[in-house]
Amino acid sequence: MIPEIGQFSLILAFCFAIVQGTVPLVGVWRNIATLSNLAVPAARAQFVFIVLAFICLDYSFYANDFSVLYVASNSNSHLPLAYRLAALWGGHEGSMMLWVSILAVWTMAVTLFAKSLPETFRIRLISVMGMVSIGFLAFIIFTSNPFERLIPAALDGRDLNPLLQDPGMVFHPPVLYMGYVGFSVAFAFAIAALLDGRLDITWARWTRPWTTVAWVFLTLGIAFGSKWAYYELGWGGWWFWDAVENASFMPWLVGTALIHSLAVTEKRDAFKVWTVLLSICAFSLSLLGTFLVRSGVLTSVHAFATDPRRGVFILLYLVIVIGGALLLFAWRAPKVGLGEKFDVVSRESMLLTNNVVLVAAAGSVLLGTMYPLLMDALGAGKISVGPPYFDSVFVAIMAPGLFLMGLGPLAKWKKASLPEIGLRLRVAAVISLVSALLVPLIMGKLTVMTAVGVFLGIWVASTSLILLINRIKTRQAATPNFLENIKGIPLAFYGMLLAHLGIGVFILGVTLVKGFESEQDLRMEVNDVAKVGNLSFLFKGVQEIAGPNYMSSQGTFSVSSNGKEITVLKPEKRFYPVQGSVMTEADIEPGVFRDEYVSLGEPLENGAWSVRIYIKPFVQWIWAGAIIMALGGILALSDRRYRIVNKKLAKDTQDAQEVFEA
Amino acid sequence: MKARHKRFGLIAVGLILLAIAAVLITKSFRSNLVFFFTPTQVEKGEAPKSGSFRIGGLVENGSLKRLPDGLRVQFKVTDTAKTMLVEYKGILPDLFKEGKGVVAEGKLNANGLFEADQVLAKHDENYMPPEAAAALKAANDAKVKEGTK
């Protein structure tokens, strides 16, 4: 009964989405209020029924209803409750359900928090989001129904893929999707603006917080995923340039460009067409990512066994949405206008370079990701692009951009002077150069890559701090009240500093772990000692233990430095009987300066095991950097000008303009 | 006038940098393309003699054996028409199983042994890597053709 209610709700939601996506647009076009007023109620009704469907599906997981095919294929009565609930997005149908539910959440948020927008604009915005929803709901209902019954019911389920039985499964997909799908709001904003033929400072100010929220979620989602891969896949990598990782990374790069471009549009009324184009691109890349993951064209950890019809459907949908948006762009963009002019050396030009760099980086990742698919589709044979391509090209493109990150925030709008910026940054330059030489030497070996990496990391971090000091000094000169001055600096400014600092921390982490990690694959018997770096790993043997739905061989390793035990690691090899599969669970001792990482390979003769041992210096800085970036985003969102502006805008746009300028 | 000259110069520099970047990207791209071959193609000598490439197919039942040092393993990859011997040093991925699909990346040595430095089998049990599936299909198509002759 419950699954049928879910199915029925899904169909109702589809009907409401159709109303939401079409009727209000006609209403606005023909100026018929009764029609355009349908947008909000239709969107909310859609939200209610999607949530209802979602609850029905998750209830079926909760209640172990194995007469539902999807539940039977992705869950098991022995699966712990948290994973049973998260198993909803463990397969194809449920992931789509999660996608569309999150879209409904975003749409609902727009109906609640976008009250200050002009009536017609808001209606168009909600309606465009409805259109996006139509496609995905149709996809679920016609090709991937999660409520399909299995008759006769299975006695027990086939269990969730053991790879996914991890706390990461509970957080990574929803957070990542919040980011992915969140760009649909920026996309809808852009489309509505194109339909409106008007794009001004206020437009940028409305869009900014929405885009930043999506960006924060995407940043965290990618970081969670990377961390999960690090400890779960058991080979110690944190980024593989896997096509699906790339699929989430490309929207991030373009989204980052969009955040910066929006800042220019808001403050200087420039980059207007460019901002619209980026909004369209960010969401298009999110859709492309969905296509890559869900169509089964890829060899990846994320790929499920899928049927090709689905791929064709998504491809068609992609063509309609992206093609349609770009056509509209080509037709209407000239109306929007280019915006204010600026000098060759100015904050605008530096942000433009930042945008070019980020988009070029996204382009090079896109090339490496899509080329093999294209060649395959054209029948030119199967090829793949090796990670060294991504490593070298990505670093080469990003490095100049990272250097400019230090200069940009110090440059004045409209026209800036390079010598003046140089003078202000000389301390940062000295600190960065000295650390670029010293840090690698202390760690053991100086190479070009580590020196460049450390330089850029310290440069980005130190210029951010100098920027802050400068800002406080200027304020001190006017009124010497330190506390007031610190409080007086807008939160958005602190947010930017923090996000940039996060980039610096991230770069240091990547550079040091790439440059100085040690790795060994060994055969170890009981009481063997392995020397890796300056640590000794004593293998104390393996014992059998039983988990809730698996059996495990747990090894014990005593790690010591200079004869003193610093930690005990217990990596496991788990056997999940339902799927007959084996999982490696590495054990890691995380630390600020290094991680010790041990994973068990296979049992060999005489109680010996093959063992993999890593020492990963500064690897935690990679995720710490991402979290700091996200915190920066959150801080920027809390800036009071968005709240003030949003309240005032409802009454008088001009007023708000003055509040902001002040 | 001066501002215009400056702008022109900067645009020129920008274009030159862009051109250099494009050349470097293409170069790096070409040198990192990894081509895929089926065991049948390798047998015919179509695969590169030096340089990395990928192979794919099924791990032949009963072919997995561990060499005395405990870390190196050998197994046979088959596309049901031809098989080839693969050697790998290191820990095999969890979902590596005899009779299941596999993709390996590496080089042929002088004796015709495929020395893999990467073995990909990280999927759920229903999932067949597209490369492995393609290898099986190619071999099967060839057999069907053979039969109709």
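Note on numbering: residues in each chain are counted from 1, in written sequence order. Written order decides the labels, with chains lettered from A and ligands numbered from 1. Reporting in this predicted model follows two pLDDT cut-offs: at least 70 for local features of residues, and 80 or more for side-chain atom pairs to be given and counted; totals over whole chains, interfaces and linings ignore these cut-offs and use all residues.

> I'm lost on the overall build of chain B in this one. Help?
A run of H or I in DSSP counts as a helix once it spans at least four residues, and a run of E counts as a strand once it spans at least two, with each numbered from the N terminus. Within chain B, the regular secondary structure consists of three helices and seven strands. In chain B, the succession of helices and strands from N to C terminus is α-β-α-β-β-β-β-β-β-α. Between the buried cut of 20 or more and the exposed cut of 12 or fewer other C-beta atoms within 10 Å of a residue's own C-beta lies the partly exposed class, and all C-beta atoms are placed from the backbone. Here chain B, with 149 residues, has 32% of them falling under the buried criterion. Within chain B, residue pairs in contact and separated by at least 24 positions form 56% of the contacts whose partners lie at least 6 positions apart. Any residue pair is listed as a contact if its two C-beta atoms, each placed from the backbone, are within 7 Å.

> Would you mind showing me how to read the overall build of chain A here?
Each helix and strand in chain A was counted, giving 22 helices and 11 strands. The size measure is the radius of gyration over C-alpha atoms, and the globule rule it meets is 2.2 Å times the number of residues to the 0.38 power. Expected size for 662 residues packed as a compact globule is a radius of gyration near 26 Å; at 27 Å, chain A falls within 12% of this value. Viewed in the frame of its principal axes, chain A has a C-alpha envelope of about 80 × 70 × 55 Å. Relative to its full complement of 662 residues, chain A shows a buried share of 52%. Sequence-distant contacts in chain A: of pairs separated by 6 or more residues, those separated by 24 or more amount to 73%.

> What should I look at first to understand the nonpolar core in this one?
Note on soluble globular proteins: their nonpolar side chains tend to be buried together. A set of buried residues drawn from Ala, Val, Leu, Ile, Met, Phe, Trp, Tyr and Cys, joined through C-beta atoms within 7 Å, is what defines a nonpolar core. The biggest cluster of nonpolar side chains holds 191 residues, and the ones touching the most others in it are Val-100, Leu-125, Ala-186 and Val-254 of chain A. It is helix α8 (residues 167–196) of chain A that provides the largest number of residues to this core, a total of 18 residues. In this structure Val-100 of chain A touches Ile-50, Ser-133, Phe-136, Leu-137 and Ile-140 of chain A, once residues within four positions along its chain are discounted. Core analysis: the second largest hydrophobic core is formed by 26 residues, Val-42, Phe-114, Ala-116 and Ala-139 of chain B among them.

> Looking at this model, I keep getting lost on the confidence of the model for chain A. Mind explaining?
The predicted coordinates ought not to be read in detail in places where the model reports low pLDDT. Confidence of the predictor in every single residue is expressed as pLDDT, which spans 0 to 100. Here chain A averages 87 in pLDDT, and 94% of its residues register 70 or above. Across residues 649–662 of chain A, confidence stays below pLDDT 50; counting only partners more than four residues off in sequence or on other chains, it has 14 contacts.

> Whenever I open this one, the pairing of strand β7 (residues 572–576) of chain A confuses me. Can you help?
For a regular strand, side-chain orientation follows a simple rule: the groups alternate between the two sheet faces. All names here are of chain A. Of all five residues making up β7, four are buried, and the element is well covered by its neighbours. When strand β5 (residues 551–561) meets β7, the two strands line up antiparallel, connected through four bridges. Following the sheet pairing, Met-551 is matched in β7 by Phe-575. As paired elements, β7 and strand β8 (residues 581–585) share five bridges and run antiparallel to each other. The residue of β8 that forms the bridge with Glu-572 is Glu-585. The pairing criterion for strands is at least two bridges between them, as found by DSSP.

> It is not clear to me how helix α14 (residues 387–407) of chain A should be interpreted in this structure. Could you clarify?
Every α-helix carries 3.6 residues per turn, so stepping three or four residues along brings you back to the same face. With 21 residues, α14 of chain A ought to run about 30 Å at 1.5 Å a step, and its terminal C-alpha atoms sit 31 Å apart, in line with that. Along its length, α14 of chain A reaches its greatest deviation from straightness, about 30°, at Ala-399 of chain A, and the proline Pro-400 of chain A lies no more than four positions downstream. Helix span, as expected, comes to 1.5 Å for every residue beyond the first. Here the bend at each residue means the angle between axes fitted to two seven-residue stretches, the one ending at that residue and the one beginning there.

> I keep staring at the domain arrangement of chain A and nothing clicks. Help me out?
Interfaces are often described in size by the accessible area the parts lose on coming together. Residue and element names in this part refer to chain A. Domain segmentation is taken from an automatic or database assignment of domains. Here chain A is described as being made up of domain 1 (1–165), domain 2 (186–398), domain 3 (425–516 + 621–629) and domain 4 (518–618). Taking only C-alpha atoms into account, the centre of domain 1 sits 43 Å from that of domain 4. At the interface, eight residues of domain 1 touch eight residues of domain 4. Polar here means any residue outside two lists: the nonpolar Ala, Val, Leu, Ile, Met, Phe, Trp, Tyr, Cys and Pro, and the charged Asp, Glu, Lys and Arg; Gly therefore counts as polar. When its residues are assigned to classes, the side of domain 1 that touches domain 4 shows four nonpolar, two polar and two charged.

> What's the story with the pairing of strand β5 (residues 83–89) of chain B in this structure? I'm lost.
Residues and elements named next belong to chain B. Where burial is concerned, the two faces of β5 differ: the one with Met-84, Val-86 and Tyr-88 is buried and the one with Thr-83, Leu-85, Glu-87 and Lys-89 is not. Bridge count between strand β4 (residues 72–78) and β5: seven bridges; the pairing is antiparallel. Across the sheet, the residue bridging to Gln-74 is Glu-87, located in β5. Hairpin geometry of β4 and β5 is characterised by an intervening segment of four residues between the two adjacent antiparallel strands and by a positive phi of about 75° at Thr-80. Pairing analysis gives three bridges linking β5 to strand β7 (residues 114–120), with the strands arranged parallel. The residue bridging Glu-87 from the neighbouring strand is Glu-115, located in β7.

> When you look at the packing of helix α9 (residues 201–232) of chain A against helix α10 (residues 243–268) of chain A in this model, what are you seeing that I'm missing?
The description of two helices packed together rests on the angle between their axes and the distance between the axes. Residue and element names in this part refer to chain A. Axis separation between α9 and α10 bottoms out at 9 Å; the angle between their running directions is 150°. In terms of orientation, α9 and α10 fall into the roughly antiparallel class. As for the relative orientation of α9 and α10, their crossing is left-handed in sense. On α10, the residues that touch Ile-201, Ala-204, Arg-205, Thr-207, Arg-208, Thr-211, Thr-212, Ala-214, Trp-215, Leu-218, Thr-219 and Ile-222 of α9 are Ser-248, Phe-249, Pro-251, Trp-252, Gly-255, Thr-256, Leu-258, Ile-259, Leu-262, Thr-265 and Glu-266. Here the contact of α9 with α10 is built from residues that sort into 12 nonpolar, eight polar and three charged. The axes are straight lines fitted to the C-alpha atoms, using for helices just the contacting stretch, and the angles between their N-to-C directions are given from 0 to 180°. An angle counts as roughly parallel when it lies under 35 degrees, as roughly antiparallel when it exceeds 145, as roughly perpendicular when it falls between 65 and 115, and as oblique in every other case. Each helix crossing is assigned a hand: it is left-handed if the near helix lies turned anticlockwise from the far helix by less than a right angle, otherwise right-handed if that turn is clockwise.

> Just checking my understanding: could you explain unusual backbone geometry for this structure?
Peptide bonds are trans in most cases, and residues, glycine excluded, mostly fall at negative phi. Residues and elements named next belong to chain A. Omega for the bond connecting Ile-151 with Pro-152 falls within 30 degrees of zero, at 0°, which places this linkage in the cis form. Summarising the element assignment, Pro-152 is placed in the loop between α7 (119–143) and α8. Phi is positive for Asn-31, close to 60°, though the residue is something other than glycine. Its place among the elements puts Asn-31 in the loop between α1 (2–30) and α2 (33–36).

> Sorry, what's going on with the packing of α1 of chain A against helix α3 (residues 39–62) of chain A here?
All names here are of chain A. Taken N-terminus to C-terminus, the directions of α1 and α3 make an angle of 160°; their axes are 8 Å apart at the nearest point. Classified by the angle their axes make, α1 and α3 are roughly antiparallel. In the packing of α1 onto α3, the handedness of the crossing is left-handed. Per-class residue counts for the contact of α1 with α3 are 21 nonpolar, five polar and no charged.

> Sorry if this is basic, but what is going on with the sheet that holds strand β9 (residues 587–589) of chain A here?
As a general point, the strands of a sheet are linked pairwise by backbone hydrogen bonds and lie either parallel or antiparallel. All names here are of chain A. With antiparallel pairing, four strands are arranged side by side in an open sheet as β2-β11-β10-β9. Every other strand in the sheet has two partners, leaving β2 (518–524) and β9 as the edge strands with one partner each. Across the sheet, the mean angle separating the axes of adjacent strands is 15° when strand polarity is ignored. Here strand β10 (residues 594–603) pairs with strand β11 (residues 609–617) via eight bridges, running antiparallel. Across the sheet, the residue bridging to Asp-595 is Lys-616, located in β11.

> What is the right way to read helix α20 (residues 620–637) of chain A from this model?
All names here are of chain A. Along its 18 residues, α20 runs 26 Å from first to last C-alpha, staying within 8% of the 26 Å computed at 1.5 Å per residue. Among the residues making up α20, those that are buried are Gln-620, Trp-621, Ile-622, Trp-623, Gly-625, Ala-626, Ile-628, Met-629, Ala-630, Gly-632, Gly-633 and Ala-636. In this structure, the buried residues of α20 make contact with α9, α19 (491–516) and β10.

> Where do I start with the environment of Leu-538 of chain A in this structure?
Residues and elements named next belong to chain A. Looking at the secondary structure, you find Leu-538 in strand β4 (residues 535–546). Take Leu-538: there are 17 C-beta atoms within 10 Å of it, and that puts it in the partly exposed class. Along the sequence, Leu-538 and Val-19 sit 519 residues apart, while their C-alpha atoms lie 67 Å from each other. Setting aside residues no more than four positions away along its own chain, Leu-538 makes contact with Val-529, Phe-557 and Ser-558.

> What am I meant to see in the environment of Gly-509 of chain A here?
All names here are of chain A. With respect to the helices, strands and loops of the structure, Gly-509 is situated in helix α19. Gly-509 gets classed as buried once you count the C-beta atoms within 10 Å, which come to 24. Separated by 116 residues in sequence, Gly-509 and Gly-625 place their C-alpha atoms 8.1 Å apart. When residues no more than four places from it in sequence are discounted, the contact partners of Gly-509 are Phe-618, Val-619, Trp-621, Ile-622 and Gly-625.

> How should I be thinking about the environment of Val-119 of chain B in this particular structure?
Mapped onto the fold, Val-119 of chain B is located in strand β7. Apart from the residues within four sequence positions on either side, Val-119 of chain B is in contact with Tyr-88, Leu-92, Pro-93, Phe-96, Val-102 and Ala-104 of chain B.

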